[in-house]
Amino acid sequence: MLNPCSWPKRAAVSLLLLFGVSSVSACSLIGLQHEVKFHANDSSLGKSEAVALARWFVHQRDIRPNDEVDIVSMYPAGDKMSEQLSQGRMQNIAKIIATLNTDEIKVVLNSGEGQQDATGPLGYVYNEVLVVMAPSCSRTGTCCGITVK
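Keep in mind the model is a prediction, meaning the values are calculated, not measured.

Draft legend 1. Molecular detail of helix H3 (residues 80-100). Compared with the 30 Å implied by 1.5 Å per residue over 21 residues, the 31 Å span of H3 between its first and last C-alpha is a close match. Among the residues of H3, Ser 82, Leu 85, Ser 86, Arg 89, Met 90, Ile 93, Ala 94, Ile 96, Ile 97 and Leu 100 are the ones counted as buried. Contacts made by the buried residues of H3 are with strand E1 (33-37), helix H2 (47-63), strand E2 (66-76), strand E3 (106-114) and strand E4 (128-135). With a side-chain oxygen positioned 3.2 Å from the backbone nitrogen of Met 81, the residue opening H3 is Asp 79.

Here it is, written out as structure tokens:
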């Protein structure tokens, strides 16, 4: 048998769930960046990397307005072959994004020289390209309903 003293609590919880939660919206800016991994000396994306990139981009594109997609790649300082490889990787990522970019979000390619040795403990960073989504609210400072100046 139900305890009559617990009815008000259950009714309050039920009303909160029915009316209160539906008016509350969660805000999350998690997942604004995606790392694309490449094999050494290769500018083509593997199938799993291409699919993961496409899924990430479509999700980010569809959950909020975005101003820009930045594709960022680094290469060892003074290494012209690695610089060309870096450019090719960014171009291949940009091609995949272009096919999915129905909102015509601006795509910016950024590459630069890194100071790490290509074969050192952090050399792996040269085989990864970072793709970052810039939501429109970051420009206006209104993400999550919080005004940021």
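Draft legend 2. Summary view of the environment of Met 74. Structurally, the position occupied by Met 74 is in strand E2. Between the alpha carbons of Met 74 and Ser 111 there is a distance of 5.4 Å; along the sequence they are 37 residues apart. With residues near it in sequence (within four places) discarded, Met 74 still touches Ser 86, Gly 112, Glu 113, Gly 114 and Tyr 126.

Draft legend 3. Structural detail: the sheet that holds E4. One open sheet accounts for 4 strands, arranged E1-E4-E2-E3; its pairing is mixed. Each end of this open sheet is capped by a strand with a single partner; those strands are E1 and E3. Along the sheet, successive strands turn relative to each other by an average axial angle of 20 degrees, direction set aside. Direction of pairing for E1 relative to E4: antiparallel, over a ladder of 5 bridges. Among the inter-strand pairings, Val 36 is bridged to a residue of E4, identified as Val 129. Contacting E1, E2 and E4, H2 crosses the sheet at an angle of about 165 degrees to E1. Together, E1, E2, E3 and E4 form the strand contacts of H3, whose direction differs from that of E2 by roughly 155 degrees.

Draft legend 4. Here's a closer look at the pattern of salt bridges. Counting across every chain of the model gives 5 salt bridges. With its nearest N and O atoms 3.5 Å apart, the salt bridge here joins Lys 37 to Glu 35. What makes Glu 35 partly exposed here is its relative accessible area of 37%. Notably, a salt bridge pairs Arg 61 with Asp 62, separated by 2.7 Å at the nearest N-O pair.

Draft legend 5. Main features of the nonpolar core. Counting residues in hydrophobic clusters, the biggest one holds 19 residues, and the most contacted among them are Leu 53, Phe 57, Val 69, Ile 71, Ile 93 and Val 131. Mapped by element, the contributors of at least two residues to this core are H2, E2, H3 and E4. Setting aside its immediate chain neighbours within four residues, Val 69 contacts Phe 57, Ile 97, Ile 105, Lys 106, Val 107, Val 108, Val 131, Val 132 and Met 133.

Draft legend 6. The environment of Val 132, seen in detail. One can find Val 132 in strand E4. Its relative accessible area of 24% is what places Val 132 among the partly exposed residues. For the pair formed by Val 132 and Asp 70, sequence separation is 62 residues and the distance between their alpha carbons is 5.1 Å. Among all residues touching Val 132, those that are not within four sequence positions of it are Leu 32, Gln 33, Trp 56, Glu 68, Val 69 and Asp 70.

Draft legend 7. View of the environment of Gly 114. Within the fold, Gly 114 resides in strand E3. For Gly 114 and Pro 76, which are 38 residues apart along the polypeptide, the C-alpha to C-alpha distance reads 5.1 Å. Ignoring sequence-local partners within four residues, the contact set of Gly 114 consists of Met 74, Tyr 75, Pro 76, Ala 77 and Tyr 126.

Analysis parameters
- Residues numbered from 1 in each chain as written.
- Predicted model: local features only at pLDDT ≥ 70, side-chain atom pairs only at ≥ 80, totals over all residues.
- Heavy atoms only, no water.
- Helix = DSSP H or I, 4+ residues; strand = E, 2+ residues; numbered from the N terminus.
- Expected span 1.5 Å × (residues − 1).
- Buried < 20%, exposed > 50% of the residue type's maximum accessible area, 1.4 Å probe, protein only.
- Contact = heavy atoms within 4.5 Å.
- Polar contact = N/O pair within 3.5 Å; in protein donor to acceptor, adjacent residues only side chain to side chain.
- Pairing = 2+ DSSP bridges.
- Axes fitted to C-alpha atoms, helices over the stretch in contact; angles between N-to-C directions.
- Salt bridge = Lys/Arg side-chain N within 4 Å of Asp/Glu carboxyl O.
- Core = buried A, V, L, I, M, F, W, Y, C linked by side-chain atoms within 4.5 Å.

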